[in-house]
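Structural characterization, general
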Amino acid sequence: MGRTRARDTEHPQARLDHGGIARIIPSEFTSGFELIVDDTPQSHVDLDDPTHLHFEYIVRMGAVIDQLPAGPLTAVHLGAGALTIPRYIDATRPGSRQQVIELEAPLVTLVRENLPLPKGAAIRLRIGDAREGITRLPPAIVGSCDLVVSDVYSGARTPAHLTSLEFYHELSALLSPGGVLLVNVADGPGLAFARRQVATIAEVLPEIGVLADTQVLKGRRFGNLVIAASAAPLPTEWLPRMLAAGPHPAKIAQGAEVTAFVQGARVVTDADAVASPRPDASLFLR
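This text gives an overview of the structure that appears in the document. (Residues numbered from 1 in each chain as written. Predicted model: local features only at pLDDT ≥ 70, side-chain atom pairs only at ≥ 80, totals over all residues. Heavy atoms only, no water.)

In spatial order, the strands read β1-β2-β3-β4; together these four strands make up an open sheet with antiparallel pairing. Bordering the open sheet on either side are β1 (13–15) and β4 (40–45), each of which pairs with just one other strand. Strand-to-strand twist in this sheet, taken as the mean axis angle between neighbours without regard to direction, amounts to 20°. As defined by bridge partners, strand β2 (residues 21–26) adjoins strand β3 (residues 33–37) across five bridges and the pair is classed as antiparallel. Opposite A22, over in β3, you have V37 as the bridge partner. (Pairing = 2+ DSSP bridges. Helix = DSSP H or I, 4+ residues; strand = E, 2+ residues; numbered from the N terminus. Axes fitted to C-alpha atoms, helices over the stretch in contact; angles between N-to-C directions.)

Here is the structure:
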């Protein structure tokens, strides 16, 4: 990360099932704490202010969520991290019902013990593989989710089986007619992986926006792209705030820009899916 950290023994940590080490440390850049997995920042949480979204791609997710219809949400989150977005929804939309699926039980225990959830939060944590886990959700959730968030990393890469057409069909079945899918994609110059992901999701949910730092969206450096997708038109009222937020220029690609973005990109299937590229330390902008 290019910065010196205190000795590992000074911070809560856990060995994950995949062999890596997860740590919770005070943020060196702002208030709150960071979840670090194998020296890569995964999440930021401010227990005193759950609406404080520090990482820029999370700010963009929050901007989309803010434009969903008023009131409590029914949401499913794939990948727990430090539960930043579930905490945000609980704070901004009291009464929301949320399900979180996370593969790493030691990570969930570490986070719950050291970054406890607010009392009374209706956030159900389930341990297991994300794709298998969605088949075990309560039947009442199917077809009724206002929001599904896919932000899954094993080590530093999204597993291949969570990138395919078949997988996105399974996620779309959870959504209500106006529900929104948010997918965090990390990719580098050329954006070959991200272009295939957008093309694949568009086969399932035709209304798509791609939100990213301008230089990332142009394929000039490694970074996060947030794909927002729905069967219904996406809201755009948040666009001016999105473009103005943060120290780095950001934009959203929609319509013809998305068509140009995916030109020539093949849809991903279970038969040819691959894991996402390995991110570098500059992925999490400050």
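Moving on, we get to the pattern of salt bridges. Under the counting rule described, the total for this entry stands at eight salt bridges. Where R196 meets D272, a salt bridge forms, and the shortest distance between an N and an O atom there is 3.1 Å. Separated by 76 residues along the polypeptide, R196 in helix α6 (residues 192–202) and D272 in the segment after α9 (256–261) bring together distant segments of the chain. Note that E257 and K251 form a salt bridge whose closest N and O atoms lie 2.5 Å from each other. Residue E257 is classed as partly exposed on the basis of its relative accessible area of 38%. Shared partners join several salt bridges into a network, and the residues in it are R131, E170 and D270. (Salt bridge = Lys/Arg side-chain N within 4 Å of Asp/Glu carboxyl O. Buried < 20%, exposed > 50% of the residue type's maximum accessible area, 1.4 Å probe, protein only.)

Let's shift gears to the packing of helix α1 (residues 56–66) against helix α2 (residues 84–92). With their axes 11 Å apart at the nearest point, α1 and α2 run at an angle of 35° to one another. For the crossing formed where α1 meets α2, the hand is right-handed. Here α1 contributes I58, M61, G62, I65 and D66 to the contact with α2, which in turn contributes T84, I85, Y88 and I89. (Left-handed = near helix turned anticlockwise from the far one by under 90°. Contact = heavy atoms within 4.5 Å.)

The residue A202 is located in helix α6 in this model. In sequence terms A202 and D151 are 51 residues apart; their C-alpha atoms lie 18 Å from each other.

A few words on the side chain of E104. Tracing the chain through its elements places E104 in the loop between β6 (97–102) and α3 (105–114). The side chain of E104 sits in the buried core without any salt bridge; R15 is the nearest counter-charge, 10 Å away. (Lys, Arg positive; Asp, Glu negative; His and termini not counted.)

Take the nonpolar core next. L78, L171, L174, L181 and L225 are the most contacted members of the largest nonpolar core, which totals 40 residues. Looking at this core, the element that brings in the most residues is α6, giving five residues. When sequence neighbours within four positions are dropped, the list of residues in contact with L78 reads I101, A130, I134, V149, S150, D151, V152, F167 and L171. Core analysis: the second largest hydrophobic core is formed by 22 residues, L53, M61, V64 and A75 among them. (Core = buried A, V, L, I, M, F, W, Y, C linked by side-chain atoms within 4.5 Å.)

The subject of this paragraph is α1. Within α1, nine of the eleven residues are buried, leaving the element largely enclosed by the surrounding structure. Where α1 is concerned, the buried positions are E56, Y57, I58, R60, M61, G62, A63, V64 and I65.

Below, the discussion takes up the sheet that holds strand β7 (residues 123–127). The strand order across the open sheet formed by eight strands is β7-β6-β5-β8-β9-β11-β10-β12, and the pairing between neighbours is mixed. Two strands close off the open sheet at either side, each with one partner strand: β7 and β12 (250–254). Geometrically, the sheet is characterised by an average inter-axis angle of 15° between neighbouring strands, direction not taken into account. Sheet strands in contact with α1 are β8 (145–150), β9 (175–187), β10 (207–213), β11 (223–230) and β12, and its direction is about 170° off that of β9.

Turning our eyes to something else, we now look at the environment of H44. The topology assignment puts H44 in strand β4. Counting along the chain gives 18 residues from H44 to P26, while the straight-line C-alpha distance between them is 9.4 Å. Ignoring any residue separated from it by four or fewer positions in sequence, one finds H44 in contact with S27, T30, S31, G32, F33, E34, H52, H54, F55 and T84. For H44, the side chain forms a polar contact with the main-chain oxygen of S31, separated by 2.6 Å. (Polar contact = N/O pair within 3.5 Å; in protein donor to acceptor, adjacent residues only side chain to side chain.)

In this structure the tally under the stated criterion is one aromatic pair. Consider the rings of F167 and Y168, whose centres lie 5.3 Å apart with planes at 50°: the pair is tilted. Pair check on accessibility: F167 and Y168 agree, each one buried. We note R195 situated over the ring of F261; from NZ or CZ to the ring centre the distance is 4.7 Å. (Phe/Tyr/Trp six-rings, centres within 6.5 Å; stacked < 30°, edge-to-face > 60°. Lys NZ or Arg CZ within 6 Å of the ring centre and 35° of its normal.)

A water-sized probe rolled over the atoms picks out the places where empty space is left. Each pocket or cavity is described by its volume, and for the largest pocket that value is around 610 Å³. Around the largest pocket, the lining comprises 46 residues; the ones closest to its centre are G79, A80, G81, D151 and Y153. Looking at the lining of the largest pocket, the elements with two or more residues in it are β3, β4, α1, β5 (74–78), α2 and β6. Among the elements that line the lining of the largest pocket, the one with the most residues is β4, at four residues. Among the residues making up the lining of the largest pocket, the classes are represented as 26 nonpolar, 16 polar and four charged. (1 Å grid on protein atoms, 1.4 Å probe; cavity = no way out; pocket = protein on both sides within 12 Å on 5 of 7 lines; lining within 4 Å. Points joined across faces, edges and corners; volume = space filled by probe spheres on them. Nonpolar A, V, L, I, M, F, W, Y, C, P; charged D, E, K, R; others polar.)

All quantities given are derived from atomic positions and should not be read as evidence of function.
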